[in-house]
Amino acid sequence: MDRPNATTMPCGFLLQGFFEFPRLRPWLFLLLLAVHLATVSGNLLILVAVASVPTRPPMLLFLCQLSAIELCYTLVVVPRSLADLTLPGQRRGSPISFLGCALQMQMFVALGGAECFLLAAMAYDRYVAICHPLRYAAVVTPGLCARLALACCLGGLAVSVGLTAAVFHLPFCGSCLLVHFFCDITALLHRACTRSYADELPLLGACLVLLLLPSALILASYAAIAGALRRLRATGGRRKAASTCASHLAVTFLHYGCATFMYVRPKASYSPRLDRTLALVYTNVTPLLYPLIYSLRNREITAAIRRVLGCPGMGQAGNPGGGCVNAEGQRRSGQTGQGFA
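Criteria and thresholds
Sequence order as written defines the numbering, with residues in each chain counted from 1. Selection of residues for local features in this predicted model requires a pLDDT of at least 70, selection of side-chain atom pairs for listing and counting requires 80 or more, and totals for whole chains, interfaces and linings are taken over all residues. Each side-chain value is worked out from all heavy atoms of the structure, with water and hydrogens disregarded. Runs of E in the DSSP output that reach at least two residues are strands. Runs of H or I that reach at least four are helices, and both are numbered from the N terminus. Each residue is assigned to one of three classes by its accessible area relative to the maximum for its type, calculated with a 1.4 Å probe on protein chains only: buried under 20%, partly exposed between the two thresholds, exposed over 50%. Throughout, a contact is declared for two residues whenever any of their heavy atoms are within 4.5 Å. The Shrake-Rupley method, run with a 1.4 Å probe sphere, supplies the accessible areas, and residue values consider only the shown protein chains as cover. The pLDDT value expresses, per residue, how confident the predictor is, ranging between 0 and 100. Think of it this way: DSSP has to see at least two bridges between two strands before they count as a pair. To form a nonpolar core, buried Ala, Val, Leu, Ile, Met, Phe, Trp, Tyr and Cys residues must be joined to one another through side-chain atoms within 4.5 Å. Two rings from Phe, Tyr or Trp (for Trp, the six-membered ring) form a pair when their centres sit within 6.5 Å of each other. Planes less than 30 degrees apart are called stacked, planes more than 60 degrees apart edge-to-face, and all others tilted.

Within the protein chain, the secondary structure is distributed over 13 helices and 5 strands. Taken over 341 residues, the protein chain has a buried fraction of 50%. For the protein chain, the share of sequence-separated contacts (at least 6 apart) that also reach a separation of at least 24 residues comes to 82%. Of the accessible surface of the protein chain, which amounts to about 15,900 Å², a share of 69% is contributed by carbon and sulfur atoms.

Further remarks concern the environment of Y256. Within the fold, Y256 resides in helix α9 (residues 246-263). A relative accessible area of 9% places Y256 in the buried class. Taking the C-alpha atoms as reference, Y256 lies 9.6 Å from L212; in sequence the two are 44 residues apart. Apart from the residues within four sequence positions on either side, Y256 is in contact with C116, L119, L210, L211, P214, S215 and I218.

Summarising the model, the protein chain shows a mean pLDDT of 81, and 83% of its residues fall at 70 or more. For the protein chain, helix α13 (residues 323-333) is the element with the lowest average pLDDT, namely 40, and helix α3 (residues 98-131) is the one with the highest, namely 93. Per-residue pLDDT stays below 50 along residues 1-7; that stretch engages in 16 contacts with residues further than four places along the chain or on separate chains. In the predicted structure, residues 313-341 sits below a pLDDT of 50 and forms 58 contacts with residues beyond four places in sequence or in another chain.

Here the focus is the sheet that holds strand β5 (residues 177-178). Read across the sheet, 3 strands follow the order β3-β2-β5 without closing on themselves; strand pairing throughout is mixed. With partners counted over all chains shown, the strands left at the sheet margins are β3 (94-97) and β5, one partner each. Note: strand β2 (residues 12-15) against β5, 2 bridges, orientation parallel. If you follow L15 over to β5, its bridge partner there is L178.

Residues I185 and L188 are the most contacted members of the largest nonpolar core, which totals 84 residues. Not counting residues within four places of it along the chain, the set of residues in contact with L188 comprises F13, C101, M105, V167, F168, F172, L178 and C183.

The next subject is the pairing of β2. Here 4 bridges tie β2 to β3, and the two strands are oriented antiparallel to one another. The partner of L15 across the bridge, within β3, is S94.

We now examine the packing of aromatic side chains. In this structure the tally under the stated criterion is 12 aromatic pairs. Residues F18 and F181 carry aromatic rings whose centres are separated by 5.9 Å and whose planes lie at 25 degrees to one another, so their mutual orientation is stacked. Of this pair, F18 sits in the loop between β2 and α1 (25-51) while F181 is found in the loop between β5 and α6 (185-191), placing the two residues 163 residues apart along the sequence. Relative to Y282, the ring of F108 has its centre 6.3 Å away and its plane inclined at 45 degrees; by these criteria the two rings are tilted. Placement of F108 in helix α3 and of Y282 in helix α10 (residues 272-282) is noted, with a sequence separation of 174 residues between them. Judged on exposure class, the residue F108 and its partner Y282 are both buried. One aromatic cluster is present, built from ring pairs that chain together F18, Y73, F108, F181, F182, Y263 and Y282.

In structure tokens, the structure reads:
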């Protein structure tokens, strides 16, 4: 199909951000700064806490990588957005070079893709821990965790490079203004001069690899887990085993829900301003929720954080005033890898 005549390969773009709301921008800056600092602090605390554990079970290694991904994920987008909010309001947008835009999109997709694969690896960890507990230590070894972590990063990187090359190979027509606060895929495709669905096939292919394939593995793992839980006779054991998956399921639904809603749809349904608002949520709020979910639900992470913070009198019933001792006991008892919640 023929393309429009007025096509161009821009030397850069203008990120509109929130320049059309001059009175809202100072308040939005303060809100996003507070959320960003809390997100960075939470993920750094988890990284430091995991590093302080002498022997790290596979579960903690996965959580450490998840926090590292979330930390980099928010650093790719949020600092520049905060800087743009401090610029004078009498302008159309903040300029970003063509290469800088491509690099930002590639890093954003690579980190998001690595997280998709990592969540599938964590589901496999839960499957082995619940369905084959006696073989867990022999199957899920530190070496396997390292190989899975490397595969997740390389998989996200490969998909991101291919998708970025495909998107930036498209011609762009009209204004170079992106109604967004970062170089997101939907904003770039909305500006691209495309009239056929063939130009959207790279995005569809990336969604199949990053969303459909890992989600199929996650569903298969939890189907096997559900079957194993049905065979348990003890109600307490069934409840305890199910609770170990709660944190992982919460993060999985958040991540895959946002990604599916944003990217698994045709270009004709794109709404730049609505997409910008939704992106504000999944680039700021969801990375803040992940450390909260795991730090509140995971006993080993809680114990490690108490150790880093000096165990300020956080003992539990049966161990009054003995927060450090209780945390250490929880760490030792959870090294079978079955304490995800």
